[in-house]
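Observations on the model geometry
Here is how the chains run, residue by residue.
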Amino acid sequence: MFFESQAIVLAGQKLGEADTLVTLLTLDHGLLKGVARGARGMKSRFGSALQPFSYGHAILFGARTGVLRRVNQVDAIHSFRALREDFDRLTWAAAMANAARALLPEEQPSRETFALLLRAFQALEAGADGARVNVFFLLALLRATGYQPRVDRCLVGRHPATDAGGARWFFVPHLGGTVCASCHGTLTREAGPIGCPSAWSLSPGTHAFLRQALRLPPALRDRLKPDPALLTEARRLLDACIADRSRRVAKRPIPAAAPPLNVRARFDV
Ligand SMILES: [Zn+2]
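Residues numbered from 1 in each chain as written. Predicted model: local features only at pLDDT ≥ 70, side-chain atom pairs only at ≥ 80, totals over all residues.

What about the packing of helix H2 (residues 87–103) against helix H4 (residues 130–144)?
It is the contact of H2 with H4, at a shortest axis distance of 10 Å, that shows an interaxial angle of 10 degrees. Of the possible angle classes, the one that applies to H2 and H4 is roughly parallel. Between H2 and H4, the contacting residues are Asp88, Arg89, Trp92, Ala95, Met96, Ala99, Ala100 and Leu103 on the first element and Gly130, Val133, Asn134, Phe137, Leu138 and Leu141 on the second. In terms of residue class, the contact of H2 with H4 is built from ten nonpolar, two polar and two charged. (Axes fitted to C-alpha atoms, helices over the stretch in contact; angles between N-to-C directions. Helix = DSSP H or I, 4+ residues; strand = E, 2+ residues; numbered from the N terminus. Parallel < 35°, antiparallel > 145°, perpendicular 65-115°, else oblique. Contact = placed C-beta atoms within 7 Å. Nonpolar A, V, L, I, M, F, W, Y, C, P; charged D, E, K, R; others polar.)

In structure tokens:
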């Protein structure tokens, strides 16, 4: 059965002598993996359309039952070549592609995520600050997939977060948000040092930024001007949140039609 969709190439792995195992984020079918036969051959019909971050129109073949698909054809709409030719852009684009791969279950369409990733790649290509693009993408990705962090209250004591008093706060990825120092102390005492989920001490500036960023509609987020140190802290917290959530995302297993022993290299960073 053939099916088609707009698609963004998230990653690829060499497979055998000339094939590529491609991970695609498709507009209509979500995250998919497929084998592109002969993609690395001298006369590949794919050209550069299977390069990481390429955006194109894909035609795939295979029953929609979780079996590894065949990628028949990909016609490039926009190759995002500039993202592969600059190390910083490559790093940020790969971080966002990997975050989408980590959080999305396979074969469940998320048009919002598709649009978010496309816009983020466009912003990177246009020269926007990668650290900023990445943090706002991660926040939007978490929201689109139903995992928006809660940073406006203590998730244990249920009391609201305020700037008053200079109280310390922690970010607990496993709970998906913030816990005040007092409740975190109780949590640690009750659960013990091993049972207590890992927690990150949260700086007041980053806590305030995250509260504002999640409260503002996307169109108004340009008003926020987080400095580089704050963006770095926010990225680490969000990465930890995504890593924790990704462990719970139900991944549909792909039958071993393509033995992983043939995989020689990855081009995702
Ligand atoms: Zn509390």
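Thoughts on helix H6 (residues 204–215)
With twelve residues, H6 should cover 16 Å at 1.5 Å per step; its first-to-last C-alpha distance of 17 Å lies within 8% of that length. Along H6, the residues classified as buried are Thr206, His207, Phe209 and Leu210. Angularly, the buried residues of H6 cover 165 degrees about the axis, an arc narrow enough to put them on a single face. H6 presents Pro204 and Arg215 as exposed residues on the side facing more than 90 degrees away from its buried surface. Looking at the packing, one finds that the buried side of H6 touches strand E6 (169–172), strand E8 (200–202) and helix H7 (228–246). (Expected span 1.5 Å × (residues − 1). Buried ≥ 20, exposed ≤ 12 C-beta atoms within 10 Å, placed from the backbone. Arc of directions from axis to C-beta.)

Quick look at the environment of phenylalanine 80
Here phenylalanine 80 is to be found in the loop between strand E5 (69–78) and helix H1 (81–84). Placed 41 residues apart in sequence, phenylalanine 80 and phenylalanine 121 show a C-alpha to C-alpha distance of 7.5 Å.

Remarks on the pairing of strand E3 (residues 30–36)
By the criterion of burial, E3 is predominantly enclosed, with five of the seven residues buried. The antiparallel hairpin formed by strand E2 (residues 19–26) and E3 contains three residues in its connecting segment. (Pairing = 2+ DSSP bridges.)

Section: the confidence of the model for the chain
Caution is warranted with low-pLDDT regions, since their predicted coordinates should not be read in detail. Taken as a whole, the chain shows an average pLDDT of 86; of its residues, 90% reach a score of 70 or greater. pLDDT under 50 marks residues 252–269. Its contacts with residues more than four places away, or in other chains, come to 33 contacts. (pLDDT = per-residue confidence, 0-100.)

Observations concerning the nonpolar core
Ranked by internal contacts, the top residues of the largest apolar core, which has 67 residues, are Ile8 and Ala100. Element by element, the count of residues in this core is highest for H4, at nine residues. A domain-level breakdown of this core finds at least three residues from each of domain 1 (2–82 + 253–266) and domain 2 (164–246). Ignoring any residue separated from it by four or fewer positions in sequence, one finds alanine 100 in contact with Leu10, Leu25, Thr113, Leu117 and Leu141. (Core = buried A, V, L, I, M, F, W, Y, C linked by C-beta atoms within 7 Å. Domains from an automatic or database assignment.)

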